[in-house]
Amino acid sequence: MAQQLITLSATNKFTFTCPIFDAKTSMGSCMKLRDIVWKGQGIDKRQGCQVAMKCGKCPAAALVSLHIYNKNWDNDFHGATEPKEGKLHAAVLAKVENVMIMDSVLNKHGVSAAERSLLLSASDRIRVQLKTAPGEAPARASDYTPPRRQKAPAAPTKAQPSKLEQAAQTGDLAAAISA
């Protein structure tokens, strides 16, 4: 069994400024809430965080996703056994930067007007944090330049039908036999 990373632990003491709510928070509390949400056990507190997690906008949920699905992401950058304040890695911020919050999820959780405003304006704060974030963000889809389209191959020229094909097309049985 693989060793559990401190980053993904509920006992993690790494603190950071959450770009969604512009508040200082502990990665351990985010991971604990993420585990509760993913088990389907919603709680009455931190409804805005639950909306961000369910929509894919939460940096903590994105961090878990990076650890699970990205084979090259094997660091414990956001883990601390002693209190430590830091910044979110650029790859984590880039992953949540352009995610849109769905109205249906906002309405389901009944978030306050203030939380709604913070959730919907989070991309601006994420872009600000990206400017000073440690690490490198992966290339964005908007940076992608598609290859030039090649011209379609020219249609093959129609070959002249053979004498047998001409005879078959015209129904001339004598020409078909002699061909």
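Now for a quick tour of the structure. (Residues numbered from 1 in each chain as written. Predicted model: local features only at pLDDT ≥ 70, side-chain atom pairs only at ≥ 80, totals over all residues. Heavy atoms only, no water.)

**Details of the packing of aromatic side chains**
Thought 1: Across all of its chains, the model carries 1 aromatic pair by this definition.
Thought 2: Ring centres of Phe14 and Phe16 lie 6.3 Å apart, and the angle between their planes is 25°; this geometry places the pair in the stacked category.
Thought 3: You can call Phe16 buried: its relative accessible area is 2%.
Thought 4: Stacked on the ring of Trp38, the Lys or Arg Arg34 has its end atom at 4.6 Å from the ring centre. (Phe/Tyr/Trp six-rings, centres within 6.5 Å; stacked < 30°, edge-to-face > 60°. Buried < 20%, exposed > 50% of the residue type's maximum accessible area, 1.4 Å probe, protein only. Lys NZ or Arg CZ within 6 Å of the ring centre and 35° of its normal.)

**Observations concerning the packing of helix α1 (residues 27–38) against helix α2 (residues 47–55)**
Thought 1: The N-to-C vectors of α1 and α2 enclose an angle of 65°; their axes lie 10 Å apart at closest approach. By the angle between their directions, the pair α1 and α2 is classed as roughly perpendicular. Considering how the two elements wind past one another, α1 and α2 form a crossing that is right-handed. Here Cys30, Leu33, Arg34, Val37 and Trp38 of α1 come into contact with α2, specifically with Cys49, Gln50, Met53 and Lys54. (Axes fitted to C-alpha atoms, helices over the stretch in contact; angles between N-to-C directions. Helix = DSSP H or I, 4+ residues; strand = E, 2+ residues; numbered from the N terminus. Parallel < 35°, antiparallel > 145°, perpendicular 65-115°, else oblique. Left-handed = near helix turned anticlockwise from the far one by under 90°. Contact = heavy atoms within 4.5 Å.)

**A short note on the nonpolar core**
Thought 1: Ranked by internal contacts, the top residues of the largest apolar core, which has 37 residues, are Phe16, Ile20, Met27, Val51 and Leu119.
Thought 2: Counting only elements with at least two residues in this core, the list comes to β1 (14–18), α1, α2, α3 (59–69), α4 (90–97), α5 (103–109) and α7 (122–132).
Thought 3: In terms of residue count, α3 provides more of this core than any other element does, 6 residues in total.
Thought 4: Among residues more than four places away in sequence, those in contact with Val51 are Ile101, Val105, Leu106, His109, Val111 and Leu119. (Core = buried A, V, L, I, M, F, W, Y, C linked by side-chain atoms within 4.5 Å.)

These values are about where atoms sit, not about what they do.
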